[in-house]
Amino acid sequence: MKYQTLSGVHDILPEDFVYFNKVQKTVESVAKYHGFSRIETPVLEFAEVFSKGTGSGTDIVEKEMYTFRTKGGDLVALRPEYTPVIMRSYIEHGMHNQPQPIKLWYLGPCFRHERPQAGRYRQFNQFGFEVLGEQNASLDSQIIQMSYDVMKELGFKNISIEVNSIGDSECRPYFKKILISYFKSRRAALCPDCQRRLKENPLRILDCKEEKCQRVKAGAPQIIDHLCENCHAHFKDVLEFLDELELPYTLNPYLVRGLDYYTKTVFEIIENSEDGKAQGTLMGGGRYDGLSKILGGRDTPACGVAGGMERIINLLGSREDKAVVKSKKPEEAKIFLAQLGQMAKRKGMKLFEEFRAAKIPVAESFSKDSLKAQLRSADKMGAKWVLIFGQKEALEDFITLRDMETGTQKEIKLDKVVEEMKEKIKSLKN
Ligand code: AMP
């Protein structure tokens, strides 16, 4: 058998990590600036966290979740998304006892058994920001601002923000009734999936990408016309904050997002092509004030967003930004440490460690024994200096410094090497 990755999953190779690290750094710096702390949770959870939290009627739980029974008999799932887990953790650790709101960010793998296609994987990485314990509309807009900042900082130019409000338990049930009666009379014009949704989750019809359904939904009632007073006021506040922040958003009355726990604000950050066509959702989020109670906690308003690392990385990698990201490689070593003989190798490894502690990048090739091969490597990587540590040098505790441009050599005492090279690099920068 020829072993290879399973369908829909992928290796993240060293060259991909240039992008992975870039996105992670950007997410982290935006999170830190806004006072968010990192959280990580297990990849395995009780399946109920999602069947209750994400919702049993959602595609994620119904069709895509990896669930299995452990040897002990527990029904567990590979995390398909973070939000219910973050809430589980908030409740489990009594975070409501700390000053509110609690601001958290995360980055890690999620699993969904979807049909593999471009931008859709079965194991992918999500990052996200979550604010728990506060209902002020300023937080909804802060989360949107942070999402937009991440995209801007990564160099995305044609992005748009779509926002909507999907109400709460007070106004949504009534709206659902209106929606059902609208679609019922047009049932035959809906795709088979939406005919099923009509019974289980009529809001999702608004979200359907099928052309047939798009035509029917064009005349459908809009939830923003049916929000209760509280939801209406909240949404108005959110939009006022977004205006103040001068964020380029558009109101999309048909945006519902596929998850049960959302209340009030929902939004998506979308990448558009040059001619303005939507390419794909890069980030999506919203407010989920009801989730805590569903998971057995006390009333805890909350709001958050999740972004897909791979989708962002794919886009970064397929555009001219590639050059920009690639050019920002970690500082390249200008010094190459070459060694000859067992004793020099041992002492050389110790010296290498001293350079690391002094934060001076040094390249090496400890696995090679031939000096010629090592000098070839040094030449290939464009090293400016080579430190040659031969048998004589190792015995007498000095090192030979060779300037690769001029070919000149000089001897330096071993305990002065790090200091002297530090000075040389400094003078190079000035
Ligand atoms: P969701 O949790 O479904 O709202 O997804 C949030 C973000 O995660 C999306 O906007 C995508 O960028 C990303 N995402 C969701 N599902 C997948 C998938 N199967 N493969 C890759 N990225 C995904």
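What counts and what doesn't
- Residues numbered from 1 in each chain as written.
- Predicted model: local features only at pLDDT ≥ 70, side-chain atom pairs only at ≥ 80, totals over all residues.
- Heavy atoms only, no water.
- Salt bridge = Lys/Arg side-chain N within 4 Å of Asp/Glu carboxyl O.
- Helix = DSSP H or I, 4+ residues; strand = E, 2+ residues; numbered from the N terminus.
- Buried < 20%, exposed > 50% of the residue type's maximum accessible area, 1.4 Å probe, protein only.
- Core = buried A, V, L, I, M, F, W, Y, C linked by side-chain atoms within 4.5 Å.
- Contact = heavy atoms within 4.5 Å.
- UniProt positions renumbered as here; feature names shortened; annotations may be inferred.
- 1 Å grid on protein atoms, 1.4 Å probe; cavity = no way out; pocket = protein on both sides within 12 Å on 5 of 7 lines; lining within 4 Å.

S.K.: Lay out the pattern of salt bridges in plain terms, naming residues and giving numbers.
M.R.: In the structure shown here, the tally under the stated rule is 25 salt bridges. With its nearest N and O atoms 2.6 Å apart, the salt bridge here joins Glu45 to Arg88. With Glu45 in strand E2 (residues 44-46) and Arg88 in helix H4 (residues 83-92), this residue pair connects regions lying 43 residues apart in the sequence. Neither residue differs from the other here; Glu45 and Arg88 are each classed as buried. For Asp207, the salt bridge identified is with Lys209, shortest N-O distance 3.8 Å.

S.K.: Describe the nonpolar core, and please don't skip the residues or the numbers.
M.R.: By size, the foremost hydrophobic cluster in this structure holds 88 residues, and its most contacted members are Phe129 and Phe183. Here this core takes eight residues from helix H5 (residues 137-153), the largest share from any one element. The residues contacting Phe183, other than those within four sequence positions of it, are Leu190, Leu198, Pro202, Ile205, Leu206, Val216, Lys217 and Ala220. Core analysis: the second largest hydrophobic core is formed by 20 residues, Leu337, Leu351, Ile360 and Phe389 among them.

S.K.: Lay out the UniProt feature "binding site: L-histidine" (unreviewed entry) in the protein chain in plain terms, naming residues and giving numbers.
M.R.: Within this structure's numbering, the places UniProt gives as "binding site: L-histidine" (unreviewed entry) are Glu81, Tyr82, Thr83, Arg112, Gln126, Glu130, Arg257, Tyr261 and Tyr262. The subset of these annotated residues that lines the second largest pocket comprises Arg257, Tyr261 and Tyr262. On the secondary structure map, Arg257 appears in the loop between strand E8 (249-251) and strand E9 (263-272). Arg257 sits in the buried class, given a relative accessible area of 16%. In contact with Arg257, other than residues within four places in its own chain, are Arg204, Asp207, Tyr262, Val266, Phe267, Glu268, Gly284 and Gly285. Structurally, Tyr261 is set in the loop between E8 and E9. Residue Tyr261 is classed as buried on the basis of its relative accessible area, which comes to 2%.

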